[in-house]
Amino acid sequence: MDHSFAVMLVTVGQLLLGALYVWAGLNHFGPAGEKIVPMLVARGVPMPREALYAASVFELLCGACLMLGIGVAPAALGLAAFTLVASVILVNFWDMPAGEMREALKIVFASNAAIIGGLLIAAAEAM
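Every value quoted in this text rests on a predicted model; they were computed, and no experiment measured them. (Residues numbered from 1 in each chain as written. Predicted model: local features only at pLDDT ≥ 70, side-chain atom pairs only at ≥ 80, totals over all residues. Heavy atoms only, no water.)

**Overview of a nonpolar patch on the surface**
A grouping of Phe5, Met8, Leu9, Val12 and Leu16 is seen on the molecular surface, where their side chains present a nonpolar patch of about 460 Å² in accessible area. Considering the arrangement of structural elements, one finds methionine 8 in helix 1 (residues 3-27). Classification of methionine 8 as partly exposed rests on a relative accessible area of 41%. (Patch = residues over 30% accessible without salt bridge, like charges linked within 9 Å, V, L, I, M, F, W, Y side chains within 5 Å. Areas by Shrake-Rupley, 256 points an atom, 1.4 Å probe, with all protein chains shown as cover. Salt bridge = Lys/Arg side-chain N within 4 Å of Asp/Glu carboxyl O. Helix = DSSP H or I, 4+ residues; strand = E, 2+ residues; numbered from the N terminus. Buried < 20%, exposed > 50% of the residue type's maximum accessible area, 1.4 Å probe, protein only.)

**Some thoughts on the side chain of threonine 83**
Along the chain, threonine 83 falls in helix 4 (residues 72-90). Assessed through its relative accessible area of 6%, threonine 83 is described here as buried. Those residues in contact with threonine 83 that sit more than four places away from it in its chain are Tyr21, Asn112, Ile116 and Leu119. (Contact = heavy atoms within 4.5 Å.)

**A word on the packing of helix 1 against helix 5 (residues 100-126)**
Relative placement of two packed helices is described by the angle separating their axes and the distance separating the axes. In the contact formed by helix 1 and helix 5, the axes pass within 11 Å of each other and the chain directions differ by 130 degrees. With respect to helix 5, the axis of helix 1 lies oblique. As helix 1 packs across helix 5, the resulting crossing turns out to be left-handed. Contacts from Val10, Leu17, Leu20 and Tyr21 in helix 1 reach Ile115, Gly118, Leu119, Ala122 and Glu125 in helix 5. Residues belonging to the contact of helix 1 with helix 5 are distributed by class as follows: seven nonpolar, one polar and one charged. (Axes fitted to C-alpha atoms, helices over the stretch in contact; angles between N-to-C directions. Parallel < 35°, antiparallel > 145°, perpendicular 65-115°, else oblique. Left-handed = near helix turned anticlockwise from the far one by under 90°. Nonpolar A, V, L, I, M, F, W, Y, C, P; charged D, E, K, R; others polar.)

This is the structure we're talking about:
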C-alpha cells in the first residue's frame, strides 16, 4: 500500500473516532445528559451529574486530541478504558430480561467493543 494512502487512512480514522467522542461529550451537557444522570443514579455512581460532566470533558479533550493528532496514543488508550468502563456501567444487557431492549443493548455493547478495537489500533499506530 502506498505510504501516503496509509497515512490518510489513519488520519481519517482518528478524525472519525475523535469526532464520535467530541460529539458525545458535547451532547452530555444538554438534554441527553439529563437522561443519563438517572441511569448513573440507578447504577450507584456517586455524584452522578458531576461524574457525567467530568467524563464528558475527558471525552471532549481526548477526542479533540485524536482529531488534531496530539498525544494520540494516550488519548486513544484513555478513551478505550473510558469506553470499557462506561459500557460496563451503562450497557448492562446482562441484567435485563430477554427481549428487544436486551438485544439492542447487546448490539450497543458489541459496537463499543469494536470502537475500543479501533482505539487500540490508533494507539498502536501512534506509538
